[in-house]
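Understanding the architecture of this molecule
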Amino acid sequence: VLEAPNTVIMSEGTWISINGDDAGLSAVGTADKPIFFTGAVKERGSWERIDFDTTNNEINRLEFVTVEYGGSTKHDANGAGVRATADSHGVTLSLSNTTIRESEGFGLFLTGSAIAPSFTKNVFTGNTLGPVTVGSQAAHLLDTTSLYTGNGVDHIRVRDNQVGKTVTWQAVGVPYELEGSINVYEVWTLAPGVTLLMPEAAWIH
């Protein structure tokens with residue numbers, strides 16, 4: 001638990017890993033008392049990431065937090081300032097009023113099995129590869145109150161190849177760029193204003 005206000009300065013090449021259900025990270029600030037994770041070197045990718053790895057602990061929460069100068073792509077082409085990763089076990093992470101900026105890779109990496117009890121009013125900007133890369137099973141978690149512009153590429157990168165539950169993808173102000181074809185097994189609703197960018201020879205089935 002990080003009390004607010006607080007600043008965590010990350011040395012070059014370092015990371016924070018929250019691993020397993022017994023582990024958790026609660027960094028909850030306020031507008032007047034924010035929490036910062038910043039690099040000792042103020043350059044994109046100077047440190048790695050905050051990694052929530054297969055942890056379904058409901059304490060995992062970033063609120064009024066700024067994460068900056070992380071997201072190194074040196075060892076991972078999908079590097080991101082904050083990563084929520086898991087297999088079918090899933091991972092739980094709430095994000096609200098959080099800014100992820102100046103990442104060398106993406107702002108946020110969100111696995112398809114992610115659960116987000118809260119996801120609202122976030123800002124993803126100044127990130128080289130884009131604001132968010134998300135598994136197709138979790139793209140519905142992205143909300144219209146968050147900002148996804150001002151990046152090197154203003155697209156939501158969508159990985160994986162299926163929609164396996166009834167969901168709505170919101171119009172978030174930037175296109176969803178699919179990496180490949182997508183198979184739909186339940187009702188998939190695209191809100192008015194959504195744009196899908198399809199790669200060459202891809203299909204929707």
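Coordinates for the structure precede this section.
Anyway, here's the lowdown on the structure attached to this text.

What counts and what doesn't
- Residues numbered from 1 in each chain as written.
- Predicted model: local features only at pLDDT ≥ 70, side-chain atom pairs only at ≥ 80, totals over all residues.
- Heavy atoms only, no water.
- Helix = DSSP H or I, 4+ residues; strand = E, 2+ residues; numbered from the N terminus.
- Rg over C-alpha atoms; globule rule 2.2 N^0.38 Å.
- Buried < 20%, exposed > 50% of the residue type's maximum accessible area, 1.4 Å probe, protein only.
- Contact = heavy atoms within 4.5 Å.
- Areas by Shrake-Rupley, 256 points an atom, 1.4 Å probe, with all protein chains shown as cover.
- Phe/Tyr/Trp six-rings, centres within 6.5 Å; stacked < 30°, edge-to-face > 60°.
- Lys NZ or Arg CZ within 6 Å of the ring centre and 35° of its normal.
- Lys, Arg positive; Asp, Glu negative; His and termini not counted.
- Salt bridge = Lys/Arg side-chain N within 4 Å of Asp/Glu carboxyl O.
- Polar contact = N/O pair within 3.5 Å; in protein donor to acceptor, adjacent residues only side chain to side chain.

With that settled, consider the overall build of the protein. Each helix and strand in the protein was counted, giving 0 helices and 23 strands. A compact globule built from 205 residues would reach a C-alpha radius of gyration of about 17 Å, and the protein, at 16 Å, matches this within 12%. Each principal axis of the C-alpha atoms in the protein carries an extent, and together these give about 45 × 30 × 30 Å. For the protein, buried positions account for 46% of its 205 residues. For the protein, the share of sequence-separated contacts (at least 6 apart) that also reach a separation of at least 24 residues comes to 65%. Only carbon and sulfur atoms are counted for the fraction: they give 48% of the accessible area of the protein, which is about 9200 Å².

With that settled, the discussion passes to the packing of aromatic side chains. Applying the stated criterion across every chain, the model contains 4 aromatic pairs. Taken together, a centroid distance of 5.5 Å and an interplanar angle of 15° make the contact between Phe124 and Tyr148 stacked. In this pair, Phe124 sits in strand 15 (residues 123-125) while Tyr148 sits in the loop between strand 16 (130-135) and strand 17 (156-159), placing the two residues 24 residues apart along the sequence. Taken together, a centroid distance of 5.0 Å and an interplanar angle of 40° make the contact between Trp169 and Tyr176 tilted. Of the two residues examined, Trp169 and Tyr176, each falls in the buried class. An aromatic cluster of at least three residues, connected via ring pairs, comprises Phe119, Phe124 and Tyr148. Over the ring of Phe109 we find Arg83, and its NZ or CZ is 4.1 Å from the ring centre. The ring of Phe109 is capped by Arg159, whose NZ or CZ atom sits 3.9 Å from the centre of that ring.

Before going further, it helps to spend a moment on unusual backbone geometry. Of the consecutive residues Ala4 and Pro5, the connecting peptide bond is found in the cis state with omega at -5°. Mapped onto the fold, Pro5 is located in the segment before strand 1 (6-10). Not every positive phi belongs to a glycine, and Asn97 is a case in point at roughly 50°.

With that settled, the discussion passes to the side chain of Arg159. As for its position among the elements, Arg159 is in strand 17. The charged side chain of Arg159 is buried without a salt bridge, its nearest counter-charge being Asp160 at 4.8 Å. A distance of 2.8 Å separates the side chain of Arg159 from the side chain of Thr133, its partner in a polar contact. For Arg159, the contacting residues outside a window of four places in its chain are Asn78, Phe109, Leu110, Thr111, Gly112, Thr133, Val134, Gly135, Ser136 and Glu179.

Another aspect to go through is the side chain of Asn183. When you line up the elements, Asn183 lands in strand 21 (residues 183-184). Other than its neighbours up to four places away in sequence, Asn183 contacts Asn161, Gln162, Val163, Trp203 and His205.

This part covers the pattern of salt bridges. Inspection of the entire model under this criterion finds 8 salt bridges. Between Glu68 and Arg101 there is a salt bridge; the shortest N-O distance is 2.8 Å. Pair noted here: Glu68 is in strand 7 (residues 65-68) and Arg101 is in strand 11 (residues 99-101), with a separation of 33 residues, a long-range link. The buried category is assigned to Glu68, whose relative accessible area is 9%. Put simply, Arg157 and Glu177 hold a salt bridge, and the shortest N to O gap is 4.0 Å. Placement of Arg157 in strand 17 and of Glu177 in strand 20 (residues 176-178) is noted, with a sequence separation of 20 residues between them. Overall, the relative accessible area of 24% leaves Glu177 in the partly exposed class. Because the salt bridges share partners, they merge into one network encompassing Glu48, Arg49 and Asp51.

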